[in-house]
Amino acid sequence: MMKWIPHEVETYLSAKEYIDTAVIPVYSLSFGEEMKQSAAAFEFITLLTGHLERQFTGRILLFPPFTYLKSDNMENVLDELIKWGENVLNSEFKHIFYITSELDWRMYENRLAGSLLWLPSLPLGNMSEPQKMEVIDSQVKQLFSIFTQQWQN
């Protein structure tokens, strides 16, 4: 997997026949009472997609996160994410994986171009870095079979 930075995008452009999968992290921002939960979900998905990025170098391009306010109208947010998906598919990617901890997205999954992977956010806040990486690694191993199954179809 590659990140959305100039050097790696340049590498992608020269090897795009091999890099057929886009990963788009999906985050909501909340304030007030839900702010801490929103930050915990952000940390979890960021660590998870970063770990995926290292595991699948040369096959996946990690896009910048699709971020929206939790208080936004969900139909408008969905329209925006659908637009992202259409643009990604028009850019010669065969597969899109949206990765989120937002349960609401499961209701809209069938309207997205690609696969929605919903994972409940695991509370990493009080863990040491090695403990966090162990948890993230086990999550990535579970995702590995989902990715390979999708690639085989």
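Everything that follows concerns the structure shown earlier in this document.
Note that the structure is predicted; figures quoted are calculated from it, not measured.

## A closer look at the pattern of salt bridges
Tallied over the entire structure, the rule returns 8 salt bridges. Salt-bridge contacts for Lys132 lead to Glu129; the nearest nitrogen and oxygen are separated by 3.4 Å. Taken together, the residues Lys132 and Glu129, both in helix α4 (residues 129-152) and 3 residues apart, mark about one turn of the helix. When its relative accessible area of 8% is taken as the criterion, Lys132 is described as buried.

## A look at the nonpolar core
In this structure, Ile24, Val26, Phe66, Phe93, Tyr98, Trp105 and Leu112 are the most contacted members of the largest nonpolar core, which totals 23 residues. Every element with two or more residues in this core is listed here: β1 (21-29), β3 (66-69), α3 (74-90) and β4 (95-100). The biggest single contributor to this core is α3, with 6 residues. Residue contacts for Trp105: discarding those within four places in its chain leaves Val26, Phe66, Tyr68, Met74, Val77, Leu78, Leu81, Thr100, Leu112 and Leu116. In this structure, Leu52, Phe56, Leu117 and Leu119 belong to the second largest nonpolar core, which totals 20 residues.

## A word on the packing of aromatic side chains
Under the definition given, this model contains 11 aromatic pairs. Seen in terms of ring centroids, Phe66 and Trp84 are 5.1 Å apart; in terms of plane orientation they differ by 85°. Their pairing is edge-to-face. Taken as a pair, Phe66 in strand β3 and Trp84 in helix α3 lie far apart in primary sequence, 18 residues in all. When the ring of Phe147 is compared with that of Trp151, the centres are 5.7 Å apart and the planes differ by 80°; the resulting orientation is edge-to-face. Of this pair, Phe147 and Trp151 both sit in helix α4, 4 residues apart, which is roughly one turn of the helix. Like Phe147, the residue Trp151 is buried in the burial classification. Lying across the ring of Trp151, Arg59 places its NZ or CZ 3.9 Å from the centre.

Cut-offs and rules
- Residues numbered from 1 in each chain as written.
- Predicted model: local features only at pLDDT ≥ 70, side-chain atom pairs only at ≥ 80, totals over all residues.
- Heavy atoms only, no water.
- Salt bridge = Lys/Arg side-chain N within 4 Å of Asp/Glu carboxyl O.
- Helix = DSSP H or I, 4+ residues; strand = E, 2+ residues; numbered from the N terminus.
- Buried < 20%, exposed > 50% of the residue type's maximum accessible area, 1.4 Å probe, protein only.
- Core = buried A, V, L, I, M, F, W, Y, C linked by side-chain atoms within 4.5 Å.
- Contact = heavy atoms within 4.5 Å.
- Phe/Tyr/Trp six-rings, centres within 6.5 Å; stacked < 30°, edge-to-face > 60°.
- Lys NZ or Arg CZ within 6 Å of the ring centre and 35° of its normal.

These figures come from the coordinates and say nothing about function on their own.
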